[in-house]
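# Results of the structural survey
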Amino acid sequence: MADDKKTIVVFSGDLDRAMAALIIARGAAAMGNQVTLFFTFWGLNLLRKPAPPPVRKTLLEAMFGWMMPRGAGKAVLSKLHMGGMGTAMMQHVMRTKNVPTLPEMLREAREFGVTFIACTMSMDVMGIKAEELIDGVEFGGVAAYLGSADEANVNLFI
Amino acid sequence: MADDKKTIVVFSGDLDRAMAALIIARGAAAMGNQVTLFFTFWGLNLLRKPAPPPVRKTLLEAMFGWMMPRGAGKAVLSKLHMGGMGTAMMQHVMRTKNVPTLPEMLREAREFGVTFIACTMSMDVMGIKAEELIDGVEFGGVAAYLGSADEANVNLFI
Amino acid sequence: MADDKKTIVVFSGDLDRAMAALIIARGAAAMGNQVTLFFTFWGLNLLRKPAPPPVRKTLLEAMFGWMMPRGAGKAVLSKLHMGGMGTAMMQHVMRTKNVPTLPEMLREAREFGVTFIACTMSMDVMGIKAEELIDGVEFGGVAAYLGSADEANVNLFI
């Protein structure tokens, strides 16, 4: 156990929850922590490229792909989304307050050295291929997560 | 504190979140950890028997019982449920990928020695009786949870 | 790290999740722990006064204020809300079982010495002013949270 390691399971792909995860991750990294984000289930969608290369998928995999937001720029609020109006309002307010957008937060987190791990089991179930994800992402399963969590002093599930 | 204990509060009864909890629990137990799952609120529904014995309930307790899913086999996705279609798609994909169903994951977790604690306060509020829950479940309140959490090095709330 | 410190990020403003956070916080404080609750995003609404003094807001800030529940007494269930009926049923059952209401739980937690920190970044984005929040709340950002979390042996995100 070390006081300078943190892990967060990013299960949610919602704009608000993802922002909370990234703000904590970025803050911890800026304070000298080694931070690992483990993206799983809906959280995987945050790592999708907006314009991925063509990949082979089954029909069901393709359908899941269409139904889920493609990338952090498409994430929406878990509450008050209101057909897009609430999410747009929140993004407008964030711009006026100089809060970075979610894609910017992801980029900054990686620049701060935060480790991104994409959950391989979720990728398999949801039919998401490695080429569809942004660069700099590592791949791992629950053992990789638990290995990091065992060494961290703060572990969150968001 | 020991490096080989983990606790998870299973607050959610959603299929996706429950799967995440069980996959982490099963993985940790397989790696030699003592894992305690504390089922509370909606998570309690995961422990309900599909065909429970008759129990005495007030009208309100019976109504809550009818409105909530009876057992892990009835859990639905928190997103993309789409009147059942999304949940059925996910379950179909999981079968084709040889991912165990949620009821199977619960059974495997218990076989791996994971401790299941049902939150007695939630049972009281929701009118769920001990006889309605699957076998092998222990009963406890917040003090039991905190006792386990104090000894664990990874504590999650899902 | 000390065995007697706990932190909870209260991200959700839902009645059920807030109750879970407060029950854990109150239980831990009663067992002699120093507990810090960090209220952020929707969780901030739990700290709003039902009848706040007039404050200057932009139109967007005022709109967010109108759309979000004003105070813990207005929190609703994340599931089974059913246009208010499910939430009212739950509150009725809680009264008959002598479970405190959410506003009472908040008051009791503070009487037990639980520290409440309102996330200043969320306040800024949502346009919530300090005068709108209940008394006895401290203010801080992610660094304050991480400082507390580093000293705690149980850290949850709810």
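In this assembly, 31 residues from chain C lie in contact with 24 residues from chain B. Of the roughly 2600 Å² buried between chain C and chain B, counting both surfaces, carbon and sulfur atoms make up 76%. Considering only the side of chain C, the residues that lose the most area to chain B are Leu80(C), Met89(C) and Lys97(C), jointly responsible for 20% of the buried surface there. Scanning the region where chain C abuts chain B turns up four salt bridges. Inspection of the chain C/chain B interface yields six residue pairs in polar contact (both at pLDDT 80 or more). For the side of chain C that touches chain B, the secondary-structure elements that each account for two or more residues are helix H1 (15–30), helix H3 (85–96) and strand S5 (154–157) of chain C. Looking at which element gives the most residues to the side of chain C that touches chain B, the answer is H1(C), with eight residues. Its residues assigned to classes, the side of chain C that touches chain B comprises 19 nonpolar, six polar and six charged.

Turning our eyes to something else, we now look at the environment of Arg95(B). If you trace the backbone, Arg95(B) turns up in helix H3 (residues 85–96). Arg95(B) sits 36 residues away from Leu59(B) along the chain, and the two C-alpha atoms are 38 Å apart.

Turning next to the sheet that holds strand S1 (residues 5–10) of chain A. Residue and element names in this part refer to chain A. Strand order in this open sheet of five strands is S4-S3-S2-S1-S5, and the pairing throughout is parallel. What marks the edges here is a single partner per strand, and that holds for strand S4 (138–140) and strand S5 (154–157). Across the sheet, the mean angle separating the axes of adjacent strands is 20° when strand polarity is ignored.

Attention now goes to the packing of helix H1 (residues 15–30) of chain A against helix H4 (residues 102–111) of chain A. Residues and elements named next belong to chain A. At their nearest, the axes of H1 and H4 sit 10 Å apart, and the two run at 25° to each other. Classified by the angle between their axes, H1 and H4 sit roughly parallel to one another. In this structure, the crossing between H1 and H4 has a hand that is left-handed. Note on element contacts: H4 touches H1 through Leu 102, Met 105, Leu 106, Glu 108 and Ala 109, opposite Leu 15, Ala 18, Met 19, Leu 22, Ile 23 and Arg 26. Classifying every residue of the contact of H1 with H4 by side-chain character gives nine nonpolar, no polar and two charged.

Time to look at the relation of the copies chain B and chain A. When chain B is fitted to chain A, the residual RMSD is 0.0 Å, and the transformation amounts to a turn of 120° plus an axial shift of 0.0 Å. The transformation relating the two chain copies, once decomposed into turn and shift, fits a three-fold axis.

In this model, Asn98(A) sits at a positive phi of 60°, which is unusual for a non-glycine residue. Here Asn98(A) lies in the loop between helix H3 (85–96) and H4. Overall, Asn98(A) belongs to the exposed group, its relative accessible area being 71%. You will see that Phe41(C), though not glycine, has its phi angle at about 45°, which is positive. Within the fold, Phe41(C) resides in the loop between strand S2 (34–39) and helix H2 (59–67).

Scoring rules and cut-offs
Residues numbered from 1 in each chain as written. Chains lettered and ligands numbered in written order. Predicted model: local features only at pLDDT ≥ 70, side-chain atom pairs only at ≥ 80, totals over all residues. Heavy atoms only, no water. Contact = heavy atoms within 4.5 Å. Buried area = accessible area lost by both parts, 1.4 Å probe. Salt bridge = Lys/Arg side-chain N within 4 Å of Asp/Glu carboxyl O. Polar contact = N/O pair within 3.5 Å; in protein donor to acceptor, adjacent residues only side chain to side chain. Helix = DSSP H or I, 4+ residues; strand = E, 2+ residues; numbered from the N terminus. Nonpolar A, V, L, I, M, F, W, Y, C, P; charged D, E, K, R; others polar. Pairing = 2+ DSSP bridges. Axes fitted to C-alpha atoms, helices over the stretch in contact; angles between N-to-C directions. Parallel < 35°, antiparallel > 145°, perpendicular 65-115°, else oblique. Left-handed = near helix turned anticlockwise from the far one by under 90°. Least-squares fit on C-alpha atoms with pLDDT ≥ 70 in both. Buried < 20%, exposed > 50% of the residue type's maximum accessible area, 1.4 Å probe, protein only.

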